[in-house]
Amino acid sequence: MPAISATAPGKAILVGEHAVVYGQPAIAVPVEQVRARAIVKAAPDRAAGEIRLQAPAIELDARLEDLPENHPLAAALRGVFKELGIARPPAFDLRVTATIPAAAGLGSGAAVSVAAIRATAEFLGRRLADEQVSRLAYEVEKLYHGTPSGIDNTVIAYRRPVYFVRGSPQNLIEIISVGRMFTLAIGDTGIPGPTAITVGEVRQGWQARPEHYERLFAAAGALARRARGCLEGGDLEELGRLMNENQVILEKMGVSSPDLDRLVQAALQAGALGAKLSGAGGGGNMIALVEPDQAERIAQALRRAGARQTWITTIAAASKGEENGESRIQRGA
Ligand code: PMV
């Protein structure tokens with residue numbers, strides 16, 4: 001049996017990180033230049049149920065049964081077996097690799113989960129819907145930090161720009177009908193920014209000064225609503241201004257850092273339309289909205305200002321049907 005491979009993109013949050021955990025809307029886009037890949041190979045010489053997991057980047061080489069309940073990759077696989085009602089899967093090897101830097105705000109955890117879930121399901125002869133993949137990946141996200149909004153697993157499973165509102169009992173997920181192609185330059189501070197830490201710090205800040213933080217969350221939510229209009233209408237100048245405003249709010253939440261601030265300033269000085277940290281902050285990545293012909297120059301400016309790595313990514317305009325307002329609206333986990 002040939003090996004089965006599945007990949008998943010990274011992601012960037014355009015507007016609304018952190019506030020999205022508190023029920024405000026946020027917008028995220030897939031970043032196709034960085035990817036996670038999962039490869040599944042049958043191991044017919046082993047007994048059914050014997051599954052081996054390998055992830056060289058984290059020096060993981062273990063049998064599934066030896067991994068604890070809360071191990072993210074093990075949890076992803078167990079979730080697939082449960083979803084498909086398979087008690088004893090045939091023996092296989094699963095190997096995971098990624099070009100997405102870890103703990104950097106680019107969704108590496110969710111991308112690894114999505115790729116592993118898709119490859120495993122396909123190996124078992126089933127193709128899962130995006131909604132199912134997202135829901136299973138969300139269960140894994142909870143192991144990284146207790147209160148994930150669900151935006152990472154959603155944008156990565158759907159691979160489309162999404163307007164996302166965390167809700168109870170259901171999230172609102174709308175695929176944005178992008179009116180005009182746009183380009184982002186992404187700069188990596190090279191400093192890890194673990195999501196659990198900054199999300200925890202924002203929670204502490206909110207508990208200590210609820211009114212202050214709720215004002216910041218509401219302001220970020222208002223920016224996300226306006227940014228959606230800019231994306232649909234193709235008003236990139238205004239979108240850039242909204243990203244700058246979002247950066248100020250994130251600074252007030254305490255999740256930016258001197259390295260992120262330096263890269264944001266470098267991008268703006270080099271002519272970006274807007275720039276902000278993206279993801280949990282505290283380190284990790286920033287994004288700059290750029291004119292396509294300026295992208296390489298701005299990426300260079302980011303590297304001169306200390307970015308360890310840079311990427312340039314474009315988000316395509318919606319195809320014809322979607323331009324007519326037929327954006328997919330989904331309510332799901
Ligand atoms: O984990 P990251 O850095 O890719 O971004 C998560 C975005 C947050 O809003 C900070 C947390 C969340 O669960 O939405």
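The following refers to the structure shown.

Reading the values: rules and limits
- Residues numbered from 1 in each chain as written.
- Predicted model: local features only at pLDDT ≥ 70, side-chain atom pairs only at ≥ 80, totals over all residues.
- Heavy atoms only, no water.
- Helix = DSSP H or I, 4+ residues; strand = E, 2+ residues; numbered from the N terminus.
- Buried < 20%, exposed > 50% of the residue type's maximum accessible area, 1.4 Å probe, protein only.
- Contact = heavy atoms within 4.5 Å.
- Polar contact = N/O pair within 3.5 Å; in protein donor to acceptor, adjacent residues only side chain to side chain.
- Phe/Tyr/Trp six-rings, centres within 6.5 Å; stacked < 30°, edge-to-face > 60°.
- Lys NZ or Arg CZ within 6 Å of the ring centre and 35° of its normal.
- Axes fitted to C-alpha atoms, helices over the stretch in contact; angles between N-to-C directions.
- Parallel < 35°, antiparallel > 145°, perpendicular 65-115°, else oblique.
- Nonpolar A, V, L, I, M, F, W, Y, C, P; charged D, E, K, R; others polar.

This paragraph deals with the environment of D152. Structurally, D152 is set in helix α4 (residues 151–158). Look at D152 and you get buried, because its relative accessible area is 16%. Along the chain, D152 and A36 lie 116 residues apart, while their C-alpha atoms are 14 Å from each other. Beyond its immediate chain neighbours, meaning those up to four positions away, D152 contacts K11, I13, G107, A110 and E141. Within polar-contact distance, the side chain of D152 engages the side chain of K11 at 3.1 Å.

What follows concerns the packing of aromatic side chains. As enumerated under the stated definition, the model contains five aromatic pairs in all. When the ring of Y22 is compared with that of F217, the centres are 4.2 Å apart and the planes differ by 15 degrees; the resulting orientation is stacked. Of this pair, Y22 sits in the loop between β1 (4–15) and β2 (26–42) while F217 sits in helix α6 (residues 210–233), and the two are 195 residues apart along the sequence. Y22 sits in the partly exposed class, given a relative accessible area of 22%. Its relative accessible area of 2% is what places F217 among the buried residues. Relative to F92, the ring of F81 lies with its centre 6.4 Å away and its plane at 75 degrees, an arrangement referred to as edge-to-face. Of this pair, F81 sits in helix α1 (residues 72–84) while F92 sits in strand β5 (residues 92–98), and the two are eleven residues apart along the sequence. As far as burial versus exposure is concerned, F81 and F92 are alike and both buried. Taken together, Y22, W206, Y213 and F217 form an aromatic cluster joined through their ring pairs. One cation-aromatic arrangement involves R228 over Y163; the distance from NZ or CZ to the ring centre is 4.6 Å.

Moving on to the packing of helix α5 (residues 195–208) against α6. Their axes nearest at 5 Å, the elements α5 and α6 cross at an angle of 125 degrees. One way to sum up the angle between α5 and α6 is to call them oblique. Residue-level inspection shows V202, G205, W206, Q207 and A208 of α5 in contact with α6, the latter providing P210, Y213, E214 and F217. Split by residue class, the contact of α5 with α6 holds six nonpolar, two polar and one charged.

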